[in-house]
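For reference, the chains in residue letters:
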Amino acid sequence: TGSSSNKVLITISLTVGFSGTVNRVSVTLKRGGTEIALSDDTSDNKIRSSICGIYGNSNNFEPITFSYLDSPGSAASHSYTVHLHHGTTSTKTAYLNRAGTESNHSYRMRGTSSIILQEVTA
């Protein structure tokens, strides 16, 4: 950021599919290696995340969108990443911009994803 008092408005829009039914999915936003935009701590084994929702099967892909106003606290450059978690005990593959199952049919679609960072003057 240009000044240590400036903020960063982060707008995330993801299209995510999985290789099978996952029931629930959550996304955690990180600045560097630090998790930010987290839900409240419940002092148990729940995953704290930035956003979460119900999910379908491998034929579906779902939009995940959220915004967060970050206060990085320094004028240095920053790296932001998103991390996906799913609510099953088995291994699943995550797909960005498509469903988990694809075939060459006109009713199959793909989507787009974006992360937009805007510096906000304090």
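Nothing here was measured: the structure is a model prediction, and the numbers come from that model.

Draft legend 1. Focus on the overall build of the protein chain. Secondary structure assignment for the protein chain yields zero helices and eight strands. The linear arrangement of helices and strands in the protein chain, starting from the amino end, is β-β-β-β-β-β-β-β. Put simply, the protein chain has 122 residues, and 28% of those count as buried. For the protein chain, the accessible surface area stands at approximately 7300 Å², while carbon and sulfur atoms represent 49% of it.

Draft legend 2. Quick peek at the pattern of salt bridges. A full pass over the atoms with the stated rule returns one salt bridge. Arg31 is the salt-bridge partner of Asp70, the closest N and O atoms lying 2.7 Å from each other. In this pair, Asp70 sits in strand 5 (residues 61-70) while Arg31 sits in strand 2 (residues 24-31), placing the two residues 39 residues apart along the sequence. Neither Asp70 nor Arg31 differs from the other in exposure class; each is buried.

Draft legend 3. View of the side chain of Arg98. With respect to the helices and strands, the residue Arg98 is situated in the loop between strand 7 (94-96) and strand 8 (114-120). Apart from the residues lying within four places of it in its own chain, the contact partners of Arg98 are Thr15, Val16, Gly17, Phe61 and Arg110.

Draft legend 4. Structural context of the environment of Leu84. The residue Leu84 is located in strand 6 (residues 80-86) in this model. The spatial distance from the C-alpha of Leu84 to the C-alpha of Gly73 is 26 Å, given a sequence separation of 11 residues. Aside from chain neighbours lying at most four places away, what touches Leu84 is Val16, Val25, Ser26, Val27, Ile64 and Ala94.

Draft legend 5. Structural view of the packing of aromatic side chains. Applying the stated criterion across every chain yields a total of zero aromatic pairs. In this structure, Arg98 is placed above the aromatic ring of Tyr95, and the distance from its NZ or CZ to the ring centre is 4.0 Å.

Draft legend 6. Highlighting the environment of Ser67. Examined against the element boundaries, Ser67 turns out to sit in strand 5. In this structure the C-alpha to C-alpha distance between Ser67 and Ile12, which are 55 residues apart in sequence, comes to 6.2 Å. Among the polar contacts listed, one links the side chain of Ser67 to the side chain of Thr11, at a separation of 3.5 Å.

Draft legend 7. A look at the confidence of the model for the protein chain. On average, residues of the protein chain carry a pLDDT of 84, and 93% of them reach 70 or more. Per-element confidence in the protein chain ranges from a low mean pLDDT of 72 for strand 4 (residues 51-54) to a high of 94 for strand 8.

Draft legend 8. Quick peek at unusual backbone geometry. For Asn23, which is not a glycine, the phi torsion comes out positive at approximately 65 degrees. Within the secondary structure layout, Asn23 lies in the loop between strand 1 (7-18) and strand 2. Note on Asn23: relative accessible area 35%, which makes it partly exposed. Backbone geometry places Asn97, a non-glycine residue, at a positive phi of 75 degrees.

Criteria and thresholds
Residues numbered from 1 in each chain as written. Predicted model: local features only at pLDDT ≥ 70, side-chain atom pairs only at ≥ 80, totals over all residues. Heavy atoms only, no water. Helix = DSSP H or I, 4+ residues; strand = E, 2+ residues; numbered from the N terminus. Buried < 20%, exposed > 50% of the residue type's maximum accessible area, 1.4 Å probe, protein only. Areas by Shrake-Rupley, 256 points an atom, 1.4 Å probe, with all protein chains shown as cover. Salt bridge = Lys/Arg side-chain N within 4 Å of Asp/Glu carboxyl O. Contact = heavy atoms within 4.5 Å. Phe/Tyr/Trp six-rings, centres within 6.5 Å; stacked < 30°, edge-to-face > 60°. Lys NZ or Arg CZ within 6 Å of the ring centre and 35° of its normal. Polar contact = N/O pair within 3.5 Å; in protein donor to acceptor, adjacent residues only side chain to side chain. pLDDT = per-residue confidence, 0-100.

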